[in-house]
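Architecture and fold: a report
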Amino acid sequence: MLISAVALLVVALTLVVDPGLRQDVMFHGGFALLVSWGPLTVAGVLCGFLAVRYGQRRELDARVRIALTAQPLHGQLLWLAFCLVACVVFVGILDWILEGLAPEASAGSLAPMSLVARLLFFLALPAIAIDRLTTLFLGAGTALSDIAMKVTDRWRWLGLAPVLLAIALMSLMLTPWQYPRQPVVLVLGVAVLYLIAAVCEETFFRGMLQSRLELLWGRWTAIITASLLFALFYAFVQPYLLLIPLPDGPLTHDLGLALLTYTPVGLLCGYLWSCYRNIWLNILLRTGLLLVAYPPMEW
């Protein structure tokens, strides 16, 4: 709970020192907070109810524990922390280089460039270090990927209900159908970008990071920690994002708004993962929320 208290303190301080953040958060009587927390809270309640009522969470948690028991968790977490920081730094350096070579083609205006960092630091390097090197030096890799991807237990697909509910409620609140019709090629292209981002981030923050934190710190501390790191990641890469932007502002503004808007998304994704250990549900949830919150538009 200390982590939650620190996060709340940071949000409170940013609200105090940044009037622009207070305006963004409370516009339309707090509509921003309602959109961020309302649908996701309702979906989270349904997620927990279905898992408790129909699931076999203890058995599933035991399988995860067995899969990670022989792993050097502390060393792996240090490597994941390095990859997270390196991803933020890499995106900033990439933007600086591209802006120097061609100001009109910076990382902020070329959305696929940020995916390079995600693919490298959230998928490739963690997978090499955690699976391949662990297999080489310890003689056995982790079986967690099989649990996450080869979902044969029917009850582990019950999480599809809260996923669809969250997307539907968010769409009703944001009414994306009011946007003008866009070319099919643009819609498909943006959807693919969102899908790649969702695969990278959910694999990293939930599949790799949260799973290991759960074994060391417990379920909810791990969910909250991973969610806050997820929000902080978006706060620091915000200046280089075009497809999924927050309102422009100084670092205190981006930090506070990211904690208030991305943290609830992280909490639902983390809870969904802890209940069902089905990475496909997490990917569907993130992709759907991105499409609803940031529909494809011509710039």
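In short, a report on the structure. (Residues numbered from 1 in each chain as written. Predicted model: local features only at pLDDT ≥ 70, side-chain atom pairs only at ≥ 80, totals over all residues. Heavy atoms only, no water.)

1. Quick word on the pattern of salt bridges
As a working rule, side chains carrying opposite charge can pair if their charged atoms are close by. In the structure shown here, the tally under the stated rule is 10 salt bridges. Between Arg156 and Asp153 there is a salt bridge, with the nearest N and O atoms lying 3.8 Å from each other. A relative accessible area of 0% places Arg156 in the buried class. The exposure class assigned to Asp153 is partly exposed, which follows from its relative accessible area of 26%. For Glu202, the salt bridge is made with Arg286, and the minimal N-O distance between the two is 3.1 Å. Placement of the pair is Glu202 in helix α8 (residues 184-217) and Arg286 in helix α11 (residues 279-293), with a sequence separation of 84 residues. Take Glu202 and Arg286: they sit in the same class, and that class is buried. What emerges from the salt-bridge pattern is a single network uniting Arg118, Glu201, Glu202, Arg206 and Arg286. (Salt bridge = Lys/Arg side-chain N within 4 Å of Asp/Glu carboxyl O. Buried < 20%, exposed > 50% of the residue type's maximum accessible area, 1.4 Å probe, protein only. Helix = DSSP H or I, 4+ residues; strand = E, 2+ residues; numbered from the N terminus.)

2. Topic: the side chain of Arg57
Examined against the element boundaries, Arg57 turns out to sit in helix α3 (residues 57-68). Buried and without a salt bridge, Arg57 has Asp61 as its closest oppositely charged side chain, separated by 5.1 Å. Arg57 has contacts with Ala51, Val52, Trp155, Arg219, Tyr271, Ser274 and Cys275, leaving out every residue within four places of it along the chain. (Lys, Arg positive; Asp, Glu negative; His and termini not counted. Contact = heavy atoms within 4.5 Å.)

3. Looking at the nonpolar core
Counting 65 residues, the largest nonpolar core has Phe122, Phe205, Phe233, Tyr276 and Leu285 as the members making the most contacts within it. Judged by nonpolar contacts, the second largest core, of 5 residues, contains Ala148, Trp273, Ile279 and Ile283. (Core = buried A, V, L, I, M, F, W, Y, C linked by side-chain atoms within 4.5 Å.)

4. Observations regarding α3
Given 3.6 residues per helical turn, the α-helix brings residues three or four places apart onto the same face. Taking 1.5 Å as the rise per residue, α3 with 12 residues should run 16 Å; its terminal C-alpha atoms sit 17 Å apart, in good agreement. Turning to α3, its buried residues number three or more, namely Arg57, Leu60, Asp61, Val64, Ala67 and Leu68. An end-on view of α3 places all buried positions within 120 degrees of arc, on one side of the element. Those residues of α3 that are exposed and aimed more than 90 degrees away from the buried face are Arg58 and Ile66. (Expected span 1.5 Å × (residues − 1). Arc of directions from axis to C-beta.)

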